[in-house]
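Remarks on the overall topology
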Amino acid sequence: MTQSTTARLIGKPVQRKEGREKVTGSARYVDDITFPDMLHGATVRSTVPRGRIAGIHFGDDIPWNEFTIVTAKDIPAKNCVALLIEDQPCLADGVVNHPEEAVVLLAHRDKYLLEEARRAVRIDVDPLPAIFTIEDSLAKKEIIWGDDNIFKSFLVEKGDADAAMATAEVIVEGEYETGAQEQLYIEPQGMIAQVSGAEGVTVWGSLQCPYYVHKALKGIFGLPAERIRVVQTETGGGFGGKEEYPSMIAAHSALLALKSGKVVKMIYDRAEDMAATTKRHPSRTRHRTGLTRDGKLVAMDIDFTIDGGAYETLSPVVLSRGTIHAAGPYLCANVRVRGRAVATNMPPHGAFRGFGAPQSVFALERHMDRIAETVGIAPDELRRRNFIHQGETLAVSQVVREKVDMEKLMNRAFELSDYHAKRERFCAENARGGAIKRGIGFAAFLHGAGFTGSGEEYLASEAAMEATPEGRVRVLAGSTEMGQGTNTIFTQIAAEALGIDADHIEIVQPDTAHVPNSGPTVASRTTMIVGKLVESAAKSIRQSLVESGLLKLDYSAPEFGPACARYIEKCGALKSFVKYRQPKDLHWDDEKYQGDAYGAYGWAVYVAEVSVDARTAETRVDDFVAVQEVGTIINPVLASGQVEGGVAQGIGLALYENVVWQQGRMVNGQMTNYIMPTSMDVPPIRVHFEEVPYERGPAGAKGIGELPLDGTAPAIANAIAHATGIDIRKIPVTPEALAGLMETVHA
Ligand code: MTE
Ligand code: MOS
């Protein structure tokens, strides 16, 4: 094999597979697809947070007989969107539990008349008391879910946190908060559905997880698996926001299609998408940390709570990741992390890049800077004294097997950002007065790639590969492309393993009728977990050819095609099929919440430089350095893109993106008043990869997709604290929030 000596495609900026279609506008997103005689669908939603539905009133002047109208009564089987449990109805029946909950569906050929009709439906609700904060939910001001408003709680324990805390020379406490954040994918949610007696239910749409939608539709329609088909259309970003919600809109469009007998398209506009779909879970984290006088961690007691909204959806798994990441890349013998996801009468919060970790990492990395100040050592010195090393155990009692060197990453990040010199210089300059205060701060963090705990074992993902007589190779997986690079990464992995050119690889569009279930495209798992399956499938094709004697071991690319042709002629289809098998040395205890939480982690240190205008309380990020170790880099352009995009979203989380709630409803659901960073607000992001091949990853790669979200906001918050001396406890640090804090300091 040519490949064994030097990689031909790994580490190369191979062009994005679907790039040409995207930039020329020929890529077909769901709203570009039309069917003859197609109807449009719309959703009538609850305007109150909680109550009993007393009646549905259809206003005058609308030709209602032309409309298809669907309510909960029209659901053929179960009225629930199956996810982890079955608490969320597909359409509210009798009661509503959050604003924007779907109650009635309408379809009509004329989009504009449809919108008028939607406005003419009034849902009368007898209100019930509702709750909107973590505090009220925990205090059981109203019981709105289960017996105690708690969707899920976890307890991670290592050593004896109470006993150790009693011996600590220094104790530092703190409470930290993060707000909701909207994914703001470029393409809002959308689906097209067709229901026919012969074929069952088919949906096409913008989504991350074809088999999640498949599972939900099976339950709602009461159909066997083979009568449900889910096809992913070109997807304009997901960022977690198209993880669970697409099941809802798929079900709604399919219910309208069933009742009307026509194809139905539902496309949310930006306002509906912002108001009704999931956002990042707001969080509150309390830290109590015991240390020796010289800053060695002795005990960590962490209470991490997230607001799940009105239904459970994915909150338990978001909570799980946030809980496990709450103690960071540090060694501490005694740790207790309590995690809770609670119910409020808000639209359910859901997956968003980082999946709970950005929330708990923000708290920890702000807290570490506060500890350093209390103990009287530099923030980097505090980290250095406590960083985890190979062979030591994390809070979940996982022994780190990777060759982690956090100190090296930190030093590299400091070198690239000129951290030490700037830290001193800014202090001196700020002390001289002047309106512009400058600061530099950093965060150190880790991010587990793949599903948590036994998740990958349960998923048991599958992938397949097929070669044609022309020597073209098709990759079959349910993993979706949403801008992060699945198509290109799979191509590079497969082409490298087969010793052929990238343009000989074809990625089959995810369609549950044709591709195996390779698991959801979430948890930064696609490259590391599914990519490994693709690599194995390719190796198995190669092996079939070599063992059949049609290809010599040391072949060149032009020999591959003819060998495939001869093989297919002689032996039939040239296919391979692989299934994930959990490595025997990974153990996870779901009861104790201990063990190998993740097969591998990405490790990182991010440095942010900011200036704060003391007159307007506006913060700008002036420079950003992102240093990470995520195994081998398969495509440097895509990998840097993941970091740059993640940092930009992290800047939004830290400074701008503020959801304003009123009675559980987002009231600033427009891009004019929900402020996200533009290119003007994003500094040059200097990305550096410290490459340490991960032996179990494809070509040595680990996951990268979500990591950048974890460390960006705390690095910025630490830089603001350095610039202003203000103790930042809550993000986003909008000018309004910072102005308020400055007033209290000066009062
Ligand atoms: N990058 C782009 N361009 N678009 C996206 O929707 N989603 C993020 C991240 N990067 C996303 C993205 C999220 S939330 C996850 S979990 C990972 O990509 C998923 O893809 P991966 O498994 O290939 O990392
Ligand atoms: Mo990503 S939040 O796991 O889709």
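Computed from a predicted model, the values in this text were never measured in an experiment.

**Points about the packing of helix α17 (residues 636-656) against helix α18 (residues 707-724)**
For the pair α17 and α18, the least separation of the axes is 8 Å and the interaxial angle reads 50 degrees. In terms of orientation, α17 and α18 fall into the oblique class. Crossing of α17 over α18 shows right-handed handedness. Contact with α17, carried on its side by Gln642, Val643, Gly646, Val647, Gln649, Gly650, Ile651, Leu653, Ala654 and Leu655, involves Pro708, Leu709, Thr712, Ala713, Ile716 and Ile720 of α18 and no other residues of that element.

**What to know about the pattern of salt bridges**
According to the stated counting rule, one finds 54 salt bridges in the structure shown. A salt bridge links Lys242 to Glu187; the nearest nitrogen and oxygen atoms lie 3.5 Å apart. Separated by 55 residues along the polypeptide, Lys242 in the loop between β11 (228-232) and α6 (245-260) and Glu187 in the loop between β8 (170-178) and β9 (190-196) bring together distant segments of the chain. Here Lys242 and Glu187 have matching classes, each one buried. The partner of Arg729 in a salt bridge is Asp727, and the shortest N-O contact between them spans 2.8 Å. Among the residues examined, Arg729 registers a relative accessible area of 27% and is labelled partly exposed. Accessibility expressed as a relative area gives 32% for Asp727, which makes it partly exposed. Linked by salt bridges that have partners in common, Arg16, Glu18, Lys22, Glu234 and Glu481 make up one network.

**Notes on the environment of Thr43**
In this fold, Thr43 is placed in strand β1 (residues 39-45). Taking the C-alpha atoms as reference, Thr43 lies 9.8 Å from Leu91; in sequence the two are 48 residues apart. Every residue in contact with Thr43, bar those within four places of it in the chain, is listed here: Ala102, Val104, Leu105, Arg118, His252, Met266, Tyr268 and Glu272.

**A closer look at the site of ligand 1**
Close to ligand 1 lie 16 residues, the nearest being Gly238, Phe239, Met482, Thr526 and Gln642. Within the contact set of ligand 1, an oxygen atom lies 2.7 Å away from a backbone nitrogen or oxygen of Gly238. Contacts to ligand 1 include Gln484, whose side-chain N or O atom sits 3.1 Å from an oxygen atom. Surface burial for ligand 1 is 92%, taken as the share of its 520 Å² of free accessible area covered by protein chains. Across the shell around ligand 1, the residue classes break down as 4 nonpolar, 9 polar and 3 charged.

**Some thoughts on α17**
Its 21 residues give α17 an end-to-end C-alpha distance of 29 Å, which sits within 8% of 30 Å, the value for a rise of 1.5 Å per residue. Here α17 lies mainly inside the structure; 16 of its 21 residues are buried. One side-chain oxygen of the residue at the start of α17 lies 3.1 Å from the amide nitrogen of Val637, identifying that residue as Asn635.

**Notes on the domain arrangement of the protein chain**
As far as domains go, the protein chain holds domain 1 (19-28 + 455-579), domain 2 (33-128 + 184-276) and domain 3 (283-452 + 591-746). The distance between the C-alpha centroids of domain 2 and domain 3 comes to 36 Å. Between domain 2 and domain 3, the residue contacts involve 27 residues of the former and 29 residues of the latter. Buried area between domain 2 and domain 3, both sides added, is near 2300 Å², and the carbon and sulfur share of it is 62%. For the domain 2 face of the interface with domain 3, the top three residues by lost area are Leu184, Phe239 and Met274, together amounting to 25%. For Glu100, the salt bridge identified is with Arg665, shortest N-O distance 2.8 Å. Counting the contacts that link domain 2 with domain 3 gives 7 residue pairs in polar contact (both at pLDDT 80 or more). In terms of residues, the side of domain 2 that touches domain 3 owes the most to one element, helix α7 (residues 270-276), which gives 5 residues.

**Some points on the packing of aromatic side chains**
Aromatic ring pairs are defined here through the distance separating the ring centres and the angle between the ring planes. As enumerated under the stated definition, the model contains 16 aromatic pairs in all. Note on Tyr330 and Phe387: the rings are 5.8 Å apart at their centroids and 5 degrees apart in plane angle, and the pair reads as stacked. One end of the pair, Tyr330, is in the loop between α8 (315-325) and β15 (335-343); the other, Phe387, is in the loop between α10 (379-386) and α11 (406-417), and 57 residues separate them in sequence. Exposure remark for Tyr330: the relative accessible area of 3% places this residue in the buried category. Note on Tyr606 and Phe624: the rings are 5.6 Å apart at their centroids and 80 degrees apart in plane angle, and the pair reads as edge-to-face.

**Regarding the sheet that holds β1**
Spatially, 7 strands are ordered β3-β5-β1-β12-β9-β10-β11 in an open sheet, and the strand pairing comes out mixed. Of all the strands in the sheet, the pair left with one neighbour each is β3 (68-70) and β11. Strand after strand, the sheet turns through a mean of 20 degrees between neighbouring axes, direction not considered. Where β9 lies against strand β10 (residues 200-205), 6 bridges are found, and the strand directions are antiparallel.

**Considering the side chain of Glu187**
The exposure class of Glu187 is buried, given its relative accessible area of 11%. In terms of polar contacts, Glu187 uses its side chain to reach the side chain of Ser206, at 2.6 Å. Each residue touching Glu187, except ones within four places of it in the same chain, is listed here: Tyr29, Val30, Ser206, Glu234, Thr235, Gly236, Lys242 and Arg270.

**Quick look at the sheet that holds strand β7 (residues 150-158)**
Across the sheet, which stays open at both edges, the 6 strands sit in the order β7-β15-β14-β13-β8-β28 with mixed pairing between neighbours. Looking at which strands have only one partner, the edges of the open sheet turn out to be β7 and β28 (730-731). Taken together, the 9 bridges between strand β13 (residues 283-291) and strand β14 (residues 297-309) define a ladder with antiparallel strand orientation. Looking across to β14, one finds that Ser283 is bridged to Ile306.

Rules behind the numbers
Residues numbered from 1 in each chain as written. Chains lettered and ligands numbered in written order. Predicted model: local features only at pLDDT ≥ 70, side-chain atom pairs only at ≥ 80, totals over all residues. Heavy atoms only, no water. Axes fitted to C-alpha atoms, helices over the stretch in contact; angles between N-to-C directions. Helix = DSSP H or I, 4+ residues; strand = E, 2+ residues; numbered from the N terminus. Parallel < 35°, antiparallel > 145°, perpendicular 65-115°, else oblique. Left-handed = near helix turned anticlockwise from the far one by under 90°. Contact = heavy atoms within 4.5 Å. Salt bridge = Lys/Arg side-chain N within 4 Å of Asp/Glu carboxyl O. Buried < 20%, exposed > 50% of the residue type's maximum accessible area, 1.4 Å probe, protein only. Near = heavy atom within 4 Å. Polar contact = N/O pair within 3.5 Å; in protein donor to acceptor, adjacent residues only side chain to side chain. Areas by Shrake-Rupley, 256 points an atom, 1.4 Å probe, with all protein chains shown as cover. Nonpolar A, V, L, I, M, F, W, Y, C, P; charged D, E, K, R; others polar. Expected span 1.5 Å × (residues − 1). Domains from an automatic or database assignment. Buried area = accessible area lost by both parts, 1.4 Å probe. Phe/Tyr/Trp six-rings, centres within 6.5 Å; stacked < 30°, edge-to-face > 60°. Pairing = 2+ DSSP bridges.

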